[in-house]
There are 2 protein chains.
Amino acid sequence: MDSTAPTDGQQASAEKPATERADCVEELAFDVFAKACPSRATLAHATGRWGSLTLGALYDGTLRFNELRRRVDGVSEKMLSQTLHALERDGLVHREAQLTNPPRVDYELTPLGSEVAERLLQLIHLVEGRMDEVLRARERYDAARGGR
Amino acid sequence: MDSTAPTDGQQASAEKPATERADCVEELAFDVFAKACPSRATLAHATGRWGSLTLGALYDGTLRFNELRRRVDGVSEKMLSQTLHALERDGLVHREAQLTNPPRVDYELTPLGSEVAERLLQLIHLVEGRMDEVLRARERYDAARGGR
DNA sequence: CGGTATCCTATTAGATACTG
DNA sequence: CAGTATCTAATAGGATACCG
């Protein structure tokens, strides 16, 4: 049960025991702070190492499998495949296959995926624009504690 | 070389070979699409499983170590410690220790951390508000392909 | 081209025990 | 309280081979 499974523990087709599901809403501001909330998994798919970059790449428009692979530098076939399946399952990406020869498969964001990608890109843009601050903070931290 | 290391491969105090750093800017819309960009690591810290929840929890205000642990349901001491160190190193979180007895340590967002958390929270809020869509998409996907 | 299946390694996460 | 150290389990990730 590994290889190209949808990234999660199970939940692909199995159900979790009742004890793990109940405590979702509680008095928390956001459900996601409670473990075993489905939103936690979706957020993980969207923000994960490859998920965020895949969504970001697709924000500019539809891309084919190997186009995506070249855009998202460093992703392996396996991880891209897994990532796309997880995002498709969550309804963030739409897969359009044409059974021609050679085959052609297009991936594009759904409306929801587009909204998610937009927020992700805002975050990416913010972080990139402030990397100088981050780098300086790292130097300070390493100077103070890195010496140990 | 594991235990409480700052989540990354090395780079805590070691440098990567030059071959892995150069290709950062290129013609990409965002650096982060190129591997070996420092922004990729920072983004990973902020969006990671525990990083996003930690930043989200701190957005409401300063919290102590064990308060955070209770807020971020399911995080272990070790992972919270690691996560906080990574976020502090990147300049997203400020750590304020009082050497009293018993010790008291407060964690709060830096101005940059606050901006990052804000965008993160927008994402979290979006995903949570649309979980019904996600769940329906999952049912459709599993009905079509889960049968295999 | 657009993937899956398999095998294997590396990284991450958790439990537990211990310290200032 | 606020962690660190250590050991182990689970998961992510990569290389390779193969298929429609």
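Residues numbered from 1 in each chain as written. Chains lettered and ligands numbered in written order. Predicted model: local features only at pLDDT ≥ 70, side-chain atom pairs only at ≥ 80, totals over all residues. Heavy atoms only, no water.

To continue, consider the overall build of chain A. In terms of helices and strands, chain A carries six helices and three strands. In sequence order, chain A lays out its α and β elements as α-α-β-α-α-β-β-α-α. Split into buried and exposed, the 148 residues of chain A put 42% on the buried side. Relative to all contacts within chain A whose residues are 6 or more apart in sequence, the contacts with residues 24 or more apart total 46%. (Helix = DSSP H or I, 4+ residues; strand = E, 2+ residues; numbered from the N terminus. Buried < 20%, exposed > 50% of the residue type's maximum accessible area, 1.4 Å probe, protein only. Contact = heavy atoms within 4.5 Å.)

Next up on the list: the pattern of salt bridges. Counting across every chain of the model gives 14 salt bridges over all chains. Taking the shortest distance from any N to any O, the salt bridge between B:Arg130 and A:Glu115 comes out at 2.1 Å. Remark: A:Glu115 occurs in helix H5 (residues 111-129) and B:Arg130 occurs in the loop between helix H5 (111-129) and helix H6 (131-146); the pair is interchain, linking two chains. According to the relative accessible area criterion, A:Glu115 is partly exposed, its value standing at 26%. Residue B:Arg130 pairs with B:Glu133 through a salt bridge whose shortest N-O separation is 2.3 Å. Taken together, the shared-partner salt bridges connect A:Glu115, B:Arg130 and B:Glu133 into one network. (Salt bridge = Lys/Arg side-chain N within 4 Å of Asp/Glu carboxyl O.)

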